[in-house]
Amino acid sequence: MNELRLLLRDASLRLSHAGVGSPDTDAIALLAHAWSTDVAEVRRAEVLGRVPDGVVLQRFSALIDERATRVPLQHLTGRAAFRHLELAVGPGVFVPRPETEILVDLVAPTLRSIAAPVVVDLCAGSGALALAVKDEHPSAAVYAAELSPDACAWAQANRDRLGLDVRIRCEDALTAFPELEGQVDVVLSNPPYIPVGMVPIDPEVRDHDPQIALYGGSEDGLRIPLQVAERAAQLLRPGGLVVMEHASSQGDSLPARLSTQGLWDDVADHRDLTALPRAVSARRR
Ligand code: GLN
């Protein structure tokens, strides 16, 4: 085994012992970051038997130390992939998750059927959903609201760096965009929904994602999601679509509660790529 492979294997073992879920992927991503290159280049270096210089090795070893204390990978690289975008993330903002990507697929047919759709992302965090929608549907007018000033600053910085024309307001989702009431075609949201008291096991989530992005404000976690749904109903035109992420345990309860709001038709639940219930959709009555 060559030197680079040994280096990666040792780092991966270290992460594995620290309880990191994807130690191989994280080790190579951190080496790429320390080396200021990408994972494909590290793979090539592995094949060619190239080894990074001492400065890079030191940087890599420090990153592995930090990751072993369960600092999120994305906080160390400063980046999170979402759809076709790379978002800047770090302390103060929720790290976008791959399971959230399906929300963009769920709204795509509706967006394609309207010439210049109006879209609102409530509880936007890093801006992942709003920015991905604008990236994939350039004719859409996209708006986003985020309550946390820290998270909102990340979203605005992402917007500016990616050059995507999205209006982002640092405001409460429950009152944002009064001028759009009754005119919106699509509302997307990944609201805080974790049941209060169900503290996540992973230190990356528990200790590093902002609390305000995680907890749904009640024992079943549905208080804030249901409030956001009510706001979505005020924003949407009749026939407009809401798509909202939820916990895998809420695939029956959230659709049932939405149905009792009396505001929605076609309430349907959707699974993510790991086949877990993950998002609800509904049409404004
Ligand atoms: N998806 C988050 C998690 O599982 C929960 C909070 C959210 O996405 N709204 O850690």
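Residues numbered from 1 in each chain as written. Predicted model: local features only at pLDDT ≥ 70, side-chain atom pairs only at ≥ 80, totals over all residues. Heavy atoms only, no water.

1. Here's the deal with the UniProt feature "binding site: substrate" (unreviewed entry) in the chain
Reasoning step 1: Feature annotation in UniProt assigns "binding site: substrate" (unreviewed entry) to the following positions: Asn190, Pro191, Pro192 and Tyr193.
Reasoning step 2: Within the element layout of this structure, asparagine 190 appears in the loop between β6 (184-189) and α9 (203-208).
Reasoning step 3: Classification of asparagine 190 as buried rests on a relative accessible area of 15%.
Reasoning step 4: When residues no more than four places from it in sequence are discounted, the contact partners of asparagine 190 are Phe94, Thr100, Leu122, Cys123, Leu129 and Glu245.
Reasoning step 5: Inspection of the secondary structure assignment puts proline 192 in the loop between β6 and α9.
Reasoning step 6: Not counting residues within four places of it along the chain, the set of residues in contact with proline 192 comprises Cys123, Ile212, Ala213, Leu214, Tyr215, Gly216, Gly221, Ile224 and Pro225. (UniProt positions renumbered as here; feature names shortened; annotations may be inferred. Helix = DSSP H or I, 4+ residues; strand = E, 2+ residues; numbered from the N terminus. Buried < 20%, exposed > 50% of the residue type's maximum accessible area, 1.4 Å probe, protein only. Contact = heavy atoms within 4.5 Å.)

2. Side note on the pattern of salt bridges
Reasoning step 1: Counted under the stated rule, the structure contains 21 salt bridges.
Reasoning step 2: Note that arginine 67 and aspartate 26 form a salt bridge whose closest N and O atoms lie 2.8 Å from each other. Placement of the pair is arginine 67 in helix α4 (residues 54-68) and aspartate 26 in helix α2 (residues 23-34), with a sequence separation of 41 residues.
Reasoning step 3: On the accessibility criterion, arginine 67 (6% relative accessible area) is buried.
Reasoning step 4: One network of salt bridges, with partners in common, ties together Asp26, Arg67, Arg70, Asp202 and Glu204. (Salt bridge = Lys/Arg side-chain N within 4 Å of Asp/Glu carboxyl O.)

3. Comments concerning the environment of valine 186
Reasoning step 1: The topology assignment puts valine 186 in strand β6.
Reasoning step 2: Residue classification places valine 186 among the buried positions, given a relative accessible area of 0%.
Reasoning step 3: In this structure, the C-alpha to C-alpha distance between valine 186 and tryptophan 264, residues 78 residues apart in sequence, is 13 Å.
Reasoning step 4: Every residue in contact with valine 186, bar those within four places of it in the chain, is listed here: Val107, Thr110, Leu111, Val118, Val119, Val120, Leu236 and Leu241.

4. Thoughts on the sheet that holds strand β8 (residues 264-271)
Reasoning step 1: Taken together, 7 strands build an open sheet; the order of strands is β5-β4-β3-β6-β7-β9-β8 and the sheet is mixed. Bordering the open sheet on either side are β5 (166-169) and β8, each of which pairs with just one other strand. Between one strand and the next, the sheet's axes are offset by a mean angle of 15°, whatever the strand orientation.
Reasoning step 2: With 5 bridges connecting them, strand β3 (residues 118-122) and strand β4 (residues 141-145) associate as parallel partners. Looking at the pairing, leucine 122 lines up with alanine 145 of β4. (Pairing = 2+ DSSP bridges. Axes fitted to C-alpha atoms, helices over the stretch in contact; angles between N-to-C directions.)

5. As for the UniProt feature "domain: Release factor glutamine methyltransferase N-terminal" (unreviewed entry) in the chain
Reasoning step 1: When the UniProt feature table is mapped to this numbering, "domain: Release factor glutamine methyltransferase N-terminal" (unreviewed entry) covers residues 7-78.
Reasoning step 2: With 74% helix and 0% strand, residues 7-78 has end C-alpha atoms that lie 23 Å from one another.

6. Re unusual backbone geometry
Reasoning step 1: Phi angles above zero are rare outside glycine, and serine 36 is one such case at about 55°.
Reasoning step 2: Within the element layout of this structure, serine 36 appears in the loop between α2 and α3 (39-48).
Reasoning step 3: If you check the backbone angles, phenylalanine 177 has positive phi at about 60° while not being a glycine.
Reasoning step 4: Within the fold, phenylalanine 177 resides in the loop between β5 and β6.

7. Looking at the environment of leucine 263
Reasoning step 1: Structurally, leucine 263 is set in the loop between α12 (253-260) and β8.
Reasoning step 2: With 33 residues separating them in the primary sequence, leucine 263 and glutamate 230 have C-alpha atoms 8.2 Å apart.
Reasoning step 3: Non-local contacts of leucine 263, meaning those with residues more than four positions away in its chain, are made with Glu230, Ala233, Arg283, Arg284 and Arg285.

8. Some points on the nonpolar core
One recurring pattern in soluble globular proteins is that nonpolar side chains are buried together.
Reasoning step 1: By size, the foremost hydrophobic cluster in this structure holds 29 residues, and its most contacted members are Val107, Val119, Val133 and Leu188.
Reasoning step 2: Of all the secondary-structure elements, those providing two or more residues to this core are β2 (85-88), α6 (102-112), α7 (128-136), β4, α8 (149-162), β5, β6 and β7 (236-245).
Reasoning step 3: Sort the elements by how many residues they give to this core and α7 lands first, with 6 residues.
Reasoning step 4: Not counting residues up to four positions away in its chain, the partners in contact with leucine 188 are Leu103, Val107, Val119, Val120, Asp121, Leu122, Leu129, Val133 and Val243.
Reasoning step 5: Counting residues in each nonpolar core, the second largest holds 28 residues, with Ala173, Ala233, Leu263 and Trp264 among its members. (Core = buried A, V, L, I, M, F, W, Y, C linked by side-chain atoms within 4.5 Å.)

9. Notes on the packing of aromatic side chains
Reasoning step 1: All told, the structure shown has 1 aromatic pair when counted by the stated rule.
Reasoning step 2: Seen from their ring centres, tyrosine 143 and phenylalanine 177 are 5.3 Å apart, and the 70° between their planes marks the pair as edge-to-face. Of the two residues, tyrosine 143 sits in strand β4 while phenylalanine 177 sits in the loop between β5 and β6, which places them 34 residues apart along the sequence. Assigned by exposure class, tyrosine 143 and phenylalanine 177 land together as buried. (Phe/Tyr/Trp six-rings, centres within 6.5 Å; stacked < 30°, edge-to-face > 60°.)

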